[in-house]
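Here is what each chain is made of, one letter per residue.
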Amino acid sequence: MPRAGRRRGKLRWSNLYSFSCVRPSVLESEGPHSLQGPGFSRVVYCNQPKMHKTKPIKYPSNYISTTKYNIITFLPKAIFEQFRRVANLYFLLAAMLSLTPVAPFTAVSMIVPLAFVVGLSMAKEALEDWRRFIQDMKVNSRKVSVHKGEGSFGYKSWQKLRVGDVVKVEKDQFFPADLLLLSSSYEDGICYVETMNLDGETNLKVKRALEVTLPLDEDTAFKNFVATIRCEDPNPKLYTFVGNLEFDRQVYALDPAQILIRDSKLRNTAFVYGVVIFTGHDTKVMQNSTKSPSKRSMIEKKMDYIIYVLFTLLVLISLISSIGFAVKTKFDMPNWWYMRPDKPQNLYDPSKPSLSGIFHLITALILYGYLIPISLYVSIEVVKVLQAMFINQDIQMYDEDTGNPAQARTSNLNEQLGQVDTILSDKTGTLTCNQMDFLKCSIAGVSYGVGSSEVEIAAAKQMAMDLNSKSLDITNQSNRNSWENVANHQFSTSEIEMQPGTPFKSEKVKKPPIRGFNFEDDRLMNGNWLIESNANGILMFFRILAICQSAIPEPNEETGRFNYEAESPDEGSFLVAAREFGFEFCRRTQTSVFIREQYPSYSQPVEREYKILNLLEFSSKRKRMSVIVQVEDGQIFLFCKGADSIIFDRLAKNGRMYEEVTSKHLNEYGEAGLRTLALAYKKLEESEYSVWNSEFVKAKTTIGPDRDALLERVADVMEKDLILVGATAVEDKLQKGVPQCIDKLAQAGLKIWVLTGDKMETAINIGFACSLLRQGMKQISITTMNTELLGQDANKAVKDNILLQITNSSQMVKLEKDPHAAFALIIDGKTLSYALEDDLKHQFLNLAVDCASVICCRVSPKQKALVTRLVKEGTGKTTLAIGDGANDVGMIQEADIGVGISGVEGMQAVMASDFSIAQFRFLERLLVVHGHWCYKRIAQMVCYFFYKNIAFGLTLFYFEAYTGFSGQSVYDDWYMLLFNVILTSLPVISLGVFEQDVSSDVCLQFPALYQQGPRNVFFDWYRIFGWMTNGLYSSLITFFFSINIFYDQAFRSDGQTPDMSSVGAAMFTCVIWTVNLQIALTISHFTWIQHLFIWGSIATWYIFLFLYGVASPLISGRSYKILIEALAPAPIYWAATLLITLACNLPYLAHISFQRSFNPMDHHVIQEIKYYKKDVEDAHMWTRESSKARQKTKIGFTARVDAKIRLLRGRLQKKYSSLGTPTAQLQQQQQNLVSS
């Protein structure tokens, strides 16, 4: 009687898969299967976790931590991180020196700002790390059922698991560690596992236990269970495992089929029992966790050089000050009786002027430290975090279908989004949907499927456009109107929304769409194939579709049909197609699949059983998949599907009947942008199969690194002498809005490269659909020679040939005289492996940069990363890589900016990325809008920061020089303390967060504005030194005007002149007004927040001055009641403030007025148009200006239209020249054409 909870299906998967485990012969303890040597030292005592608590087999606990810090390491590590910054290190030294007698300020004024800035940064680090800690604790605190002894199980938290523990995992739970599967709720010990967290794949994987452990299927069975596992050491390889299980004095081979990896999930299985092999950071998923590479934006890197410039200036003026002090000490000090030169000190000893100068150098370095903005880094971090929040909350980048918003996973690179030069994009799942629709097929030499792919629809539109243009007659108004219709249609339908697969017969009634199936051809539908002349071939084709797969059917209660958990979207579309053709895969057991066939009668389905004898799995290396099945009458067949190049090489002589015509169909399908596979079969004799199967079983039981190669050789023997049946063609649909996005990015001046693993024909035709390629574009294809015809120096000959192709192509591009000529470079992975070598890569890059489009086909993940590195390092410009799969992680991490798409292929690309979006089309807004804004905001913010610190800091130098290099500060310590922290911080933050030179709509209408970023218009050295010069000018005006106004003028009503504290407060008031008015003149887009921060900062100064003055004299010192009694009653104070503020800002006002009037930038013109509402009053002018505001590009729909207009103009010129038409009339007709 079966135990409760067990499933009765006799699922014996161990008979099927290439990597299944069959019980080998019993081995002696010293036998050949024992694992010895480095890398295979792990010993696990099953059900005896206490034995792993002592060395030499003491293994880590299952506690995991992804935090950077802990309670002990936070302070030292966080402080070290903060003082790695040059500016912070300088201020730390200055704060330490402020405790000495040479300091010009009190220690508080130096220590408090530093503590505030460093403390804020550390608090941010702590908050981010706390969030990681909370996430870790949620994982570590999960519960799992663990064997406690005597056959009883109880729940423990994950972090308390130990190596050797026996655990029971239930349906829809995650595996807490890397486990060896012992048994499951299925009688044959299989289970279904979802590995989305590991590889992003949503399809279920099948795992199966060894037959010897199947009796361990209930709690009490583990009462006396003891076994030993000897296996490989911890490593990051997810798909390999080598080990032995020693149980009942026998040794059994282990492989990946028995390993359940941490963070994968148990699905469609009630429970499993397993023993813990790897815990915590030894698990494969944690071994794979790598730190993201450290990336810094170009502006941040340039900031370091500006800091060095300012530090050089600081040292220079400090040296001038110390030399001046030494001279004064030597020559003037003896005459200053009030300084008591008869009792000198080391700080000013006339007999030792050099020593006094050295001490004064330290004083000066502290005094002029305000040249270096201490709060710059903190302000930038705050601004970037707020910018990232706006990106995350942009509703225009929210995908309603998936519910995924855009996400700035790091805020360090916001401004870099506005400086991108080259985009390197994946194709499948990025430009395309990764949704496969079965569209066409070729069976026994006959092509079926009358629907059209998106590429074919786009090509048909282009052909219609060509035909219309040939018959265009400008003198006939109706013909001109037809051109208008075609041109307008080009734009209105550029976003290809037409349902692919719809025949061109307009009277055809549309059927409700079926996901994965877009096939239309009555010859195969509704059983009509039974009357076709090649019905037997069609029957074999349908059966291969339905049987040659490893999917799992799941009943859908809503539709009454089955959903398929397939290894790939292609396989899922094949099963849907088979179902629609009348061959529904409905059930799978351990040894069989069941197909509900509408054959021989379409109206009376029959469920047939096909016994699965072996399954040879698909891999990227094999590029094929096969199953060996036994049909109901006992015959044995091998069904195979794979890449056409692989299948055709394995055909028998009598199996090539349809090879030529099928090859023709495959080329046609490839030209239509479809993905193709070839289908074949082979009939086996029972004796032939038995001999092969014994070799196959022997290969499966082999232990060691040669096992996979041995299995491959045995499988290769079987997969020969095949008979070709036909081929499939599925469409990987373009994502919504991809053509428009590419067009807009091209108009913004961005270069786009496509790196794909697809074959060349498919990639080229997707390129046409996206308008990366177009008719008339000259294609340069770099290929390799046939090495079989070469001798020993084949490698050198191939490289020489590739170099010759590159050289000739480069010469052709350079000699091209037509300015409108466009070139596209197309290269495959094999050729690319040579082109990326050191002696060829620079020539290859130079050619690629000169081409309008670059498409790299059949490239590996490593090659994607290498190409990205080549472009990044070779051009020195900003690169952005975008992809959605695990194979894109390398290039995403290698690029300056990595963008992950949260698509069907999972989340690995997103986890490795800097920014994530749900659709490729959102890249347009991310770059053209947010990138442009963030770049300009950060650039203006940093420039302004240096301006205000120079304007303030140099006044200290002037006063010190004015007072005989005495080291005296004109300002109160509290003024200087509050300058960067309170009085000028919020306005500059509002500039970095809210500034907009133009609105988001205008950014998209005028994409050429984006080029201000790549050209670095707002942060080049000319502009940086311009702002520094402005700061220098403001400091000179502020100081010398203040000194000359207040030096000998009556300040109070009784005629008294101001003291130093009054002069300092008045001068500081002028600085506050000047720098805040300057930022008001800089801002283009005002909100109430900017007004509040700017005018509120000025008001805060007066409020502080009042409160500070009314405080006790012990606190306020010389500033006691300074505002009430000294400054406020003095008209000269208010007049001087107004005069100096205007004098400091008038040059900048004159500069921007002159620039806007005589040499305006692009955004100046747009701002004026918008301000005077000319875009509303004169819509035609606005359209004309926006059409001109794009970079000259040779890709995209706009380039296609421009090329067509040039072609028509040439035809018109030729036509009217032959007719003798006056030039003026011809120009008028051309103008009408363009305006249409």
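What counts, and at which threshold
- Residues numbered from 1 in each chain as written.
- Predicted model: local features only at pLDDT ≥ 70, side-chain atom pairs only at ≥ 80, totals over all residues.
- Heavy atoms only, no water.
- UniProt positions renumbered as here; feature names shortened; annotations may be inferred.
- Helix = DSSP H or I, 4+ residues; strand = E, 2+ residues; numbered from the N terminus.
- Buried < 20%, exposed > 50% of the residue type's maximum accessible area, 1.4 Å probe, protein only.
- Areas by Shrake-Rupley, 256 points an atom, 1.4 Å probe, with all protein chains shown as cover.
- Arc of directions from axis to C-beta.
- Pairing = 2+ DSSP bridges.
- Axes fitted to C-alpha atoms, helices over the stretch in contact; angles between N-to-C directions.
- Lys, Arg positive; Asp, Glu negative; His and termini not counted.
- Salt bridge = Lys/Arg side-chain N within 4 Å of Asp/Glu carboxyl O.
- Contact = heavy atoms within 4.5 Å.
- Patch = residues over 30% accessible without salt bridge, like charges linked within 9 Å, V, L, I, M, F, W, Y side chains within 5 Å.
- Core = buried A, V, L, I, M, F, W, Y, C linked by side-chain atoms within 4.5 Å.
- pLDDT = per-residue confidence, 0-100.
- Phe/Tyr/Trp six-rings, centres within 6.5 Å; stacked < 30°, edge-to-face > 60°.
- Parallel < 35°, antiparallel > 145°, perpendicular 65-115°, else oblique.
- Left-handed = near helix turned anticlockwise from the far one by under 90°.
- Nonpolar A, V, L, I, M, F, W, Y, C, P; charged D, E, K, R; others polar.

- Looking up the protein chain in an unreviewed UniProt entry gives the name Phospholipid-transporting ATPase, with the organism given as Amborella trichopoda.
- Of the comments in the UniProt record for the protein chain, the one headed Cofactor (unreviewed entry) reads "Mg(2+)".

## Overview of the overall build of the protein chain
Logical step 1: The secondary structure content of the protein chain amounts to 39 helices and 33 strands.
Logical step 2: When burial is assessed residue by residue, the protein chain has 55% of its 1236 residues classed as buried.
Logical step 3: Total accessible area computed for the protein chain in this model is approximately 54,500 Å², and 56% of it derives from carbon and sulfur atoms.

## Some words on helix H21 (residues 841–850)
Logical step 1: Looking only at H21, the buried set comprises Phe844, Leu845, Leu847 and Ala848. All buried residues of H21 lie within an arc of 165 degrees about the axis, which places them on one face of the element.

## With respect to the sheet that holds strand E8 (residues 227–231)
Logical step 1: If you walk across this open sheet you meet the four strands as E1-E8-E9-E10, and the pairing is antiparallel. Every interior strand has two partners, whereas the edge strands, strand E1 (42–46) and strand E10 (250–254), have only one. Strand after strand, the sheet turns through a mean of 20 degrees between neighbouring axes, direction not considered.
Logical step 2: Sheet analysis places E1 next to E8, joined by five bridges and oriented antiparallel.

## Some details on the side chain of Lys302
Logical step 1: Along the chain, the position of Lys302 falls in helix H6 (residues 298–331).
Logical step 2: With no salt bridge to any partner, buried Lys302 finds its closest opposite charge in Asp1020, at an N-O distance of 6.2 Å.
Logical step 3: For Lys302, the contacting residues outside a window of four places in its chain are Asn1016, Phe1019, Asp1020, Trp1021 and Ile1024.

## Thoughts on the UniProt feature "active site" (unreviewed entry) in the protein chain
Logical step 1: As annotated by UniProt and renumbered to match this structure, "active site" (unreviewed entry) occupies Asp426.
Logical step 2: As for its position among the elements, Asp426 is in the loop between strand E15 (420–425) and strand E16 (432–443).
Logical step 3: When near neighbours in sequence (up to four residues on either side) are disregarded, Asp426 contacts Leu431, Leu755, Lys864, Ile882, Gly883, Asp884, Asp888 and Met891.

## Notes on a nonpolar patch on the surface
Logical step 1: Where nonpolar side chains cluster on the molecular surface, the patch consists of Val86, Tyr305, Tyr308, Val309, Trp1021 and Phe1025 and spans about 560 Å² of accessible area.
Logical step 2: When contributions to the nonpolar patch are tallied by element, the ones reaching two or more residues are H6 and helix H29 (1021–1046).
Logical step 3: Here the nonpolar patch takes three residues from H6, the largest share from any one element.
Logical step 4: For Phe1025, the location among the structural elements is in helix H29.

## Focus: unusual backbone geometry
Logical step 1: Omega for the peptide link from Tyr599 to Pro600 comes to 10 degrees, which places this bond in the cis form.
Logical step 2: Inspection of the secondary structure assignment puts Pro600 in the loop between strand E21 (592–597) and strand E22 (606–616).
Logical step 3: With a phi close to 60 degrees, Arg249 is a non-glycine residue in the positive phi region.
Logical step 4: By relative accessible area, Arg249 is classed as exposed at 82%.
Logical step 5: Phi is positive for Asn526, close to 60 degrees, though the residue is something other than glycine.
Logical step 6: Note that Asn526 resides in the loop between helix H10 (477–492) and helix H11 (535–547).
Logical step 7: The partly exposed category is assigned to Asn526, whose relative accessible area is 48%.

## So, the pattern of salt bridges
Two side chains that carry opposite charge are able to pair once their charged atoms sit near each other.
Logical step 1: Applying the stated rule across the entire model yields 38 salt bridges.
Logical step 2: Here Arg42 ties to Asp282 by a salt bridge, and the two come within 3.6 Å at their closest N and O atoms. One end of the pair, Arg42, is in strand E1; the other, Asp282, is in the loop between strand E13 (271–278) and helix H5 (284–287), with 240 residues separating them in the sequence.
Logical step 3: Connected through salt bridges with shared partners, the residues Arg624, Arg650, Glu712, Asp716, Glu719 and Lys720 form a single ionic network.

## With respect to the nonpolar core
Logical step 1: Judged by nonpolar contacts, the single largest core of 103 residues is most densely connected at Tyr368, Tyr971, Tyr975, Phe1019, Phe1068 and Trp1101.
Logical step 2: The greatest single-element share of this core, amounting to 17 residues, is contributed by helix H25 (residues 922–962).
Logical step 3: Excluding anything up to four places from it in sequence, Phe1019 contacts Ile299, Lys302, Met303, Ile306, Tyr935, Ala939, Val942, Cys943 and Ile1024.

## Describing the confidence of the model for the protein chain
Logical step 1: Confidence along the protein chain averages 80 in pLDDT terms, with 83% of residues attaining 70 or more.
Logical step 2: With pLDDT under 50 throughout, residues 1–34 is counted as low confidence; its partners more than four residues away or in other chains account for 109 contacts.
Logical step 3: Low pLDDT (under 50) marks residues 469–508, which in the prediction has 73 contacts with non-local residues, meaning those over four places away or in another chain.

## Regarding the packing of aromatic side chains
Logical step 1: Taken as a whole and judged by the stated rule, the model has 54 aromatic pairs.
Logical step 2: Arranged with centres 5.9 Å apart and planes meeting at 80 degrees, the rings of Phe438 and Phe581 form a pair that is edge-to-face. A residue pair is termed long-range when its members are at least 10 positions apart, and Phe438 in strand E16 and Phe581 in helix H12 (residues 569–581) qualify at 143 residues. The two residues Phe438 and Phe581 agree in class, both being buried.

## Focus on the pairing of strand E31 (residues 878–883)
Logical step 1: Of all six residues in E31, six are buried; the element is thus mostly enclosed.
Logical step 2: Alternating residues of E31 divide into Thr878, Leu880 and Ile882 and Thr879, Ala881 and Gly883, and every residue in both groups is buried.
Logical step 3: In this sheet, E31 lies alongside E15 in parallel orientation, the contact comprising five bridges. From the neighbouring strand, Ile423 faces E31, where its bridge partner is Leu880.
Logical step 4: Where E31 and strand E32 (residues 897–901) come together, four bridges link them in parallel fashion. Its bridge partner being in E32, Gly883 is matched across the sheet by Gly900.

## Description of the packing of H25 against helix H27 (residues 985–994)
Logical step 1: Packing of H25 against H27 brings their axes to within 8 Å, and their N-to-C directions diverge by 160 degrees. Between H25 and H27, the angle is such that the two are roughly antiparallel. Note that H25 runs across H27; the crossing there is right-handed. For the pair formed by H25 and H27, the contact residues are Arg937, Gln940, Met941, Tyr944 and Phe945 on the first element and Val988, Leu991, Gly992, Val993 and Phe994 on the second.
Logical step 2: Here the contact of H25 with H27 is composed, by residue class, of seven nonpolar, two polar and one charged.

## Some details on the environment of Thr329
Logical step 1: In this structure, Thr329 sits in helix H6.
Logical step 2: The exposure class assigned to Thr329 is buried, which follows from its relative accessible area of 1%.
Logical step 3: For the pair Thr329 and Pro353, spaced 24 residues apart in sequence, the C-alpha to C-alpha distance is 5.9 Å.

## Details of the pairing of strand E3 (residues 152–157)
Logical step 1: Relative to E3, strand E2 (residues 143–149) is paired through six bridges, and the arrangement is antiparallel. Within the sheet, the bridge partner assigned to Ser145 lies in E3 and is Tyr155.
Logical step 2: Where E2 folds back onto E3 in an antiparallel hairpin, the turn is made up of two residues, including Glu150, whose phi is positive at roughly 60 degrees.

## Re the sheet that holds strand E5 (residues 178–184)
Logical step 1: Strands sit in the order E3-E2-E4-E13-E5-E11 across an open sheet of six strands; the sheet is antiparallel. Either end of the sheet is taken by a strand with one partner, and the two such strands are E3 and strand E11 (259–260).
Logical step 2: With two bridges joining them, E2 and strand E4 (residues 166–170) adopt antiparallel strand pairing. Within E4, the position partnered with Ser145 by the bridge is Lys168.

## Focus: the side chain of His930
Logical step 1: Assignment of secondary structure puts His930 in helix H25.
Logical step 2: Not counting the four nearest positions on each side in its chain, His930 is found in contact with Phe390, Ile391, Asp394, Met397 and Arg925.

## Things to note about the packing of H11 against H12
Logical step 1: Between H11 and H12, whose axes approach to 8 Å, the crossing angle comes to 135 degrees. Looking at the two axes, H11 sits oblique to H12. You can see that H11 and H12 cross each other, and the crossing is left-handed. Of the residues in H12, those touching H11 at Phe542, Leu545 and Ala546 are Phe574, Leu575, Ala578 and Phe581.
Logical step 2: Broken down by class, the residue content of the contact of H11 with H12 amounts to seven nonpolar, no polar and no charged.

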